[in-house]
Amino acid sequence: MVFKQDLQNQGTLIPLDLNDLVAADHPVRIVNAVLDKVDISPIIKQYRPGGTSSYHPRMLLKLIVFAYINNVYSSRKIEEAARQNINYMWLAGMRKPDHNTINRFRGERLQKTLKPIFNQVVLLLCEEGLLNMKDLYTDGTKIEANANRYTFVWGKAIKTSRERISTQLDELWRYALGVAASELDDTDPSGFKKITPEKVNKTIDVINAALKDKAVDPKVRQKLNYAKKRWPEALAKYDQQEQVIGSNRSSYSKTDPDATFMRMKEDHMRNGQLKPAYNVQISTNKQFIAHYSLHQNTNDTRTLQPHLEQHIRETGIKPSSVTADAGYGSEENYQWLETKRVTAFVKHNQFDRNQHGTTRNKKFFLVEKLPYDEGKDQYQCPSGKVMKNNGTKARLSPAGYKKEITIYRTKKCNGCPLKAQCNPDNNWKTIEVNKNLNKLKAKADKRLLSKKGIAKRKQRCWDVEPVFGSIKHNHHFKRFMLRGLEKVAVETGLLALAHNLRKKAA
């Protein structure tokens, strides 16, 4: 038997060139070539002269993006790869940045600078004809935050706690009135609906002064001492928590205050609990990510407008059409897209149901099924009675969008044979109609049922949804590594950039 000679300790006359060890068609060469073309001056401006030399930001950017392409997301594992893997060593030019340098660059230097780089790469891909920025397919997914799953703050809990303190303070005041009414005659309680730490302190002091020499129930005295000690501090804490939550959220995580609790499809406990997460929105074309954005809202409906506004502002390119599922079909979104002259192939929440006869005919008393006389502006109820216009009212959506609702009403329903099924709880049948929304829905139905609309709906299923499937399941990214909205936005950008370069190299 003849074996090849063992040359483990044999030196080489000419040093090895790593370039010869990297395949000509390896994805690392695509990363190197593309990122060599982008302008990274915003990152360079963050560096200050003086001190020791720094690793070049372009090299660190290439290293991190290539790591994300290969499902390596930990800074320590990227450091290890730069010391052991030939492709990483070639990309880094044999430099060996440690994990602290990599993590600082990713978490700090790339904030507010990665998005322009991503946009440059997208435009380069457009120039090559790999994607079209005019026709976008939009969808969202929720990715779990790097936060404790069981420590949270809920907006409703804060409101309930405030109401409890208000109620108990009112009870103490009434008790004091019963015991020492004469001492409280000159004091105006003015109610306790909007309580503050200062108001609580002042009210407790007034009650204590009035009850000073009176025979008071020991439990009341104990309650007053507890209120004086704890309530002002609790109210100050509630104020701070409400500032963190803001007006667009209902909850946040204590370990990552920027994360909102959302219902996840990937439920590790399989019990339907909410998890701290971020709502990631992307717009794609030919499975390339043309734009991404990060949101704290759990509802996709309120993300479409800021998502597209950001895309237009950053790229200067307005899409000619947007295709999305029923989660985005609101009056506000339809109206905004129509105002911007963007063709909306966006379903509303009743579109799929209306396509199936069995489901469509299941409920007989819906407003959409009542006959409407446009000339007389009146509806006809199921029993044939006229429903006349009874005025309009304004209603605000959770996002602050003003809707105009028209109210129609019949005469009394007494004696109607359909009352038990149609209007069991009231003497008059009243319906509320959003005429503008109905008009926009009719336009959306016409577009979606056209030949082009059917093609768009089919393409959306295999254009945008597989991108999330690839990131989450093929490349095992289901939980962010960093904390905070700005750092998580960096991770989202790296995922999007890695996806595009991986697809270009495929």
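Conventions used here
Residues numbered from 1 in each chain as written. Predicted model: local features only at pLDDT ≥ 70, side-chain atom pairs only at ≥ 80, totals over all residues. Heavy atoms only, no water. Pairing = 2+ DSSP bridges. Helix = DSSP H or I, 4+ residues; strand = E, 2+ residues; numbered from the N terminus. Salt bridge = Lys/Arg side-chain N within 4 Å of Asp/Glu carboxyl O. Buried < 20%, exposed > 50% of the residue type's maximum accessible area, 1.4 Å probe, protein only. Right-handed = clockwise from strand over helix to strand, strands pointing away. Contact = heavy atoms within 4.5 Å. Polar contact = N/O pair within 3.5 Å; in protein donor to acceptor, adjacent residues only side chain to side chain. Patch = residues over 30% accessible without salt bridge, like charges linked within 9 Å, V, L, I, M, F, W, Y side chains within 5 Å. Areas by Shrake-Rupley, 256 points an atom, 1.4 Å probe, with all protein chains shown as cover. Lys, Arg positive; Asp, Glu negative; His and termini not counted. Charge placed at Lys NZ, Arg CZ, Asp CG, Glu CD.

Comments concerning the sheet that holds strand β10 (residues 378–380)
Thinking step 1. Across the sheet, five strands lie side by side as β9-β10-β11-β12-β13; this open sheet has antiparallel pairing. The strands lining the two open edges of the sheet, one partner per strand, are β9 (372–373) and β13 (428–433).
Thinking step 2. Pairing analysis gives three bridges linking β10 to strand β11 (residues 386–396), with the strands arranged antiparallel. Counted as the bridge partner of tyrosine 379 is methionine 387 from β11.

Quick look at the pattern of salt bridges
When the charged atoms of two side chains with opposite charge come close together, those side chains can pair.
Thinking step 1. All chains considered together, the criterion is met by 18 salt bridges.
Thinking step 2. Put simply, lysine 62 and aspartate 36 hold a salt bridge, and the shortest N to O gap is 2.7 Å. Here the residue lysine 62 occupies a position in helix α4 (residues 57–69), and aspartate 36 occupies one in the loop between α2 (27–35) and α3 (41–44), the gap between them amounting to 26 residues.
Thinking step 3. Where glutamate 144 meets arginine 479, a salt bridge forms, and the shortest distance between an N and an O atom there is 3.5 Å. Residue glutamate 144 is located in strand β1 (residues 135–144), and its partner arginine 479 is located in the loop between α19 (465–474) and α20 (485–505); the two are separated by 335 residues in the primary sequence.
Thinking step 4. When its relative accessible area of 32% is taken as the criterion, arginine 479 is described as partly exposed.

Considering the environment of lysine 452
Thinking step 1. When you line up the elements, lysine 452 lands in helix α18 (residues 451–463).
Thinking step 2. Lysine 452 gets classed as exposed once you look at its relative accessible area, which sits at 53%.
Thinking step 3. Along the sequence, lysine 452 and phenylalanine 345 sit 107 residues apart, while their C-alpha atoms lie 9.4 Å from each other.

Thoughts on the pairing of strand β7 (residues 321–324)
Thinking step 1. Neither face of β7 is open: one carries Ser321 and Thr323, the other Val322 and Ala324, and all of them are buried.
Thinking step 2. Bridge count between β1 and β7: three bridges; the pairing is parallel. What sits directly across from tyrosine 137, in β7, is threonine 323.
Thinking step 3. Between the parallel elements β7 and strand β8 (residues 343–346), the chain passes through helix α13 (residues 331–339) in a crossover that is right-handed.

A look at α19
Thinking step 1. Within α19 the residues assigned to the buried category are Val467, Phe468, Ser470, Ile471 and Lys472.
Thinking step 2. Packing partners of the buried residues in α19 comprise β1, β5 (274–285), β6 (288–295), α18 and α20.
Thinking step 3. Phi for histidine 476, located one or two positions after α19, is positive at around 60 degrees.

Looking at the side chain of threonine 141
Thinking step 1. Its place among the elements puts threonine 141 in strand β1.
Thinking step 2. Here threonine 141 falls in the buried class, since its relative accessible area comes to 13%.
Thinking step 3. Within the local environment of threonine 141, its side chain forms a polar contact with the side chain of lysine 472, the two groups lying 2.7 Å apart.
Thinking step 4. Those residues in contact with threonine 141 that sit more than four places away from it in its chain are Tyr278, Asn279, Val280, Phe468 and Lys472.

Focus: a positive patch on the surface
Thinking step 1. Together, Lys134, Lys318, Lys340 and Arg341 make up a region of like positive charge exposed at the surface.
Thinking step 2. In this structure, lysine 340 sits in the loop between α13 and β8.

Details of unusual backbone geometry
Thinking step 1. Positive phi, close to 65 degrees, is recorded for asparagine 71, a residue that is not glycine.
Thinking step 2. Mapped onto the secondary structure, asparagine 71 falls in the loop between α4 and α5 (75–84).
Thinking step 3. What makes asparagine 71 partly exposed here is its relative accessible area of 28%.
Thinking step 4. Of note in the backbone geometry, lysine 286 takes a positive phi value of approximately 55 degrees without being a glycine.
Thinking step 5. When you line up the elements, lysine 286 lands in the loop between β5 and β6.

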